[in-house]
Structure formats: C-alpha cells, structure tokens
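Structure at a glance
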Amino acid sequence: MTGETDRDKAVESLFAKRFGAVPQAVASAHGRVNLIGEHTDYNEGFVLPCILSQRTLVALSLRDDDRLEGDSAQFGSASEQPGAVPTGHWLAYVEGAVAMMAEAGAPQRGVSVVVDSDVPAGAGVSSSAALGVALLKALAAAHGMDRPDPALLARMAQRIEHEFIGLQCGIMDHMVSAVGAKASAMRLDCRDLSYSLHPLMAGVEVLVIHSGSGRKLSEGQYNARVAECRAARDALGVGALRDVSAGDLERLADGTAHRRARHVVHENDRVHAAITALASGDAASFGALMMESHRSLAADYDVSSPVLDSLVEACRDAGALGARLTGAGFGGCIVCLVRSGDADSVLAAAMKAVPEARLIDRIAS
Ligand code: GLA
C-alpha cells in the first residue's frame, strides 16, 4: 500500500513534514458512481455501483494521548479532544473511526492524520465513504490487524455516518469503496453483503457529470426518504421493502408510501435486468433501464431536480444509450452510458444544456 504511487509518496512526506516522523500507515479508498439501483440499499435490496478513479488517501500514526489532530489541503487543519469535535466537521470521521476500532478491540488512542482527496465533496460521489473507509483501513494497519474483512470495515464506515454524522445512509458506498475494482460494476446484495464484480462492456464509456448544483445529504431529505420506506415496510408488515412484490403494492393506501415502495420494487428488478444486459453485452438494454430508473426517481421517489432532468434529457437527445441521476439525488451528478465514439458529442450537449456542468470521470473497460 505504502509508496505505490506519487500521491502515496506525497501524502507520506506531507505527514512527515507536519508531524516530524514517517506515518505508521498509509491507505486509500475510492469514490463511487452508482450505475443503477438507487435508494434500494437501505431497503436491503440490490445495487450496481462502480469505483471512480478519484480516491482519498490517509496517512496516520497512533498517538500516546487521546487527541485527534488532522491536516488536509481540502478540509483544513484541526485538533480536538474526542467528544469536542464540532458536528459535521471532518474530524468527526476520525473520531468515529477511532471509536469503531476501539469497539473491535484495538486500544483507544488518539491519532495524527493527514488526508489528501481528489474525490469531489458534495457531488454525490461518496467522498465521505471514501474518507471513512480509508481512515479505517489505515487505522487497522496501524493497529497491526492483518487483512481486515472489507465487509466489516464497510459496516464500521456506515456506522460512523449513522452515529457520528447523523446520516441514516445504506451500505452501498462503503462496500464499493472497500472492495470495488477498476472498470467493474459491483453487484451487491445489501441484505447479506454478498457481491460479484462484472467488467464493463467493451465499446462503451460511463460518464460521470456533475450538475454544478451541490447537495447536502444530512439536510433532511435523505433521512426523510429512509423514514418513508420504513413506514411503507411497516404498513405492509414485511422485514424490508426488498421482500415486497409488485402485487403487494395495492395494499398501500397512502399515496406517498405507495410511490416510494413502487420505485424500490421496480428498481430492484431493474438491477437484475441490468446485470443480465451487462453479461450479454447488451448496452442498449442497459441504457434503457437507466432511463427508466431516472423516470422513477423523478416521478415516484421525488429526488430529481430541474437541472438533473435537463442533463439527462440533453444526454439522451444527443445519442446517449442511457442517463440517470446517481447517488441520493437532490443535485449532485448524473451517470451516462455512451458508445465510445459518442462520448465527446454527448458531453458537449450536456455542457450546452447546463453550462455549470462538469465532467468528473470517464470509465471504460
Ligand atoms: C447515498 C447513500 C447511499 C444510497 C444512495 C442512494 O449515496 O449514502 O447509501 O442510499 O444515496 O441510492
């Protein structure tokens, strides 16, 4: 892990400059884009994300005291005692990671940490999951834990968000950040965390385009959707919306609950259909499923926005195979599937429709 690339070396020397010694551990984790399977993870359903090339690097050492001291070109410098970290501050992830490790049996110690990230924050590409997973990987290494189970690290990173950040997110982001591989879609069953990696189709590209409008998950809308799904689940008397079939939906009298659950049920079906399309190299069907997913997220799940809709339409009209909002929605990014030769013209059309839009990543097999 240590010294693998120039960026790994750079974060090590930043640490040495800041703290006067080489770090005990360096680790990194990638941001993600979800190809299909949105708002299904916290309903114990299925998702199909893929890692981005951007990643977050962490260099750290355990301290003799319990202080948390961090430095990051992107997030700023801070030094706090555990328990005194301001709400929402990036050191809360460090505090959470230390607490998770202590629960796993490591001695509770403070840390000195340097973070370097090129995963855009507030873009809906899981910069926070990348930070949590990278911190946990580095801490596990510093505590001498040999090859920690990635699913365990992912669960811990999810708990950091629940318990230290206040976001009731699912497990998708942390799992793909912990185990994803380049240019591979990860089919994840969010109930038992079983997964498989599927190479992307040849001859296509996945474009990740930021709408230019940021979103802040903890601002309530996301947690509200989680609560609405729980209410629908309870009304149907099932363990999770994953266990609901289209026929069951009639039993939901409340209009909002019905629409939310209808999205989840059909989105899970679309993930299975997308995996079949991926396996048979059927990019056109995969793209059509992405378009359906976007319509459902906009009409039934109410998480799209005019700017996301404009971007999706511009990509479709310019010949994309499919496009949809990705991540939680309410702003952030769209993901677009194009035949390789069409990538530039689709991008140009997207930028013309939404001048604030910018390309985040291009992924090809
Ligand atoms: C955010 C959450 C994920 C997932 C998506 C929506 O990215 O962190 O757990 O729920 O939204 O699919």
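As shown above, the structure is provided for reference.
Report on the accompanying structure.

Interaxial distance between helix 2 (residues 91–103) and helix 3 (residues 127–142) falls to 9 Å at its minimum, and their mutual angle equals 45 degrees. Considering the angle they form, helix 2 stands oblique to helix 3. The handedness of the crossing between helix 2 and helix 3 comes out as right-handed. Of helix 3, the residues touching helix 2 (which contributes Y93, V94, A97, V98, M100 and M101) are S128, L131, L135, L136, L139 and A140. Residue composition of the contact of helix 2 with helix 3, by class: 11 nonpolar, 1 polar and no charged.

What follows is about the sheet that holds strand 9 (residues 322–325). With antiparallel pairing, 4 strands are arranged side by side in an open sheet as 9-10-8-11. Of all the strands in the sheet, the pair left with one neighbour each is strand 9 and strand 11 (358–364). On average, each strand axis in the sheet is inclined to that of its neighbour by 20 degrees, with strand direction left out of account. As paired elements, strand 9 and strand 10 (residues 333–339) share 4 bridges and run antiparallel to each other. Within strand 10, the position partnered with R324 by the bridge is V335.

Describing an aromatic ring pair means giving the distance of the ring centres and the angle of the ring planes. Summed over the entire model, instances satisfying the criterion amount to 3 aromatic pairs. For the pair Y42 and Y222, a centre-to-centre distance of 5.5 Å together with 75 degrees between the ring planes defines the contact as edge-to-face. One end of the pair, Y42, is in the loop between strand 1 (25–36) and strand 2 (46–62); the other, Y222, is in helix 6 (residues 221–236), with 180 residues separating them in the sequence. By relative accessible area, which is 6% here, Y222 ends up buried. Taking the centre distance of 5.9 Å and the plane angle of 40 degrees together, the rings of F75 and W90 count as tilted. Placement of F75 in the loop between strand 3 (68–72) and strand 4 (78–80) and of W90 in the loop between strand 4 and helix 2 is noted, with a sequence separation of 15 residues between them. Here the basic side chain of R18 rests over the ring of F19, its NZ or CZ set 4.4 Å away from the ring centre.

Rules used throughout
- Residues numbered from 1 in each chain as written.
- Predicted model: local features only at pLDDT ≥ 70, side-chain atom pairs only at ≥ 80, totals over all residues.
- Heavy atoms only, no water.
- Axes fitted to C-alpha atoms, helices over the stretch in contact; angles between N-to-C directions.
- Helix = DSSP H or I, 4+ residues; strand = E, 2+ residues; numbered from the N terminus.
- Parallel < 35°, antiparallel > 145°, perpendicular 65-115°, else oblique.
- Left-handed = near helix turned anticlockwise from the far one by under 90°.
- Contact = heavy atoms within 4.5 Å.
- Nonpolar A, V, L, I, M, F, W, Y, C, P; charged D, E, K, R; others polar.
- Pairing = 2+ DSSP bridges.
- Phe/Tyr/Trp six-rings, centres within 6.5 Å; stacked < 30°, edge-to-face > 60°.
- Buried < 20%, exposed > 50% of the residue type's maximum accessible area, 1.4 Å probe, protein only.
- Lys NZ or Arg CZ within 6 Å of the ring centre and 35° of its normal.

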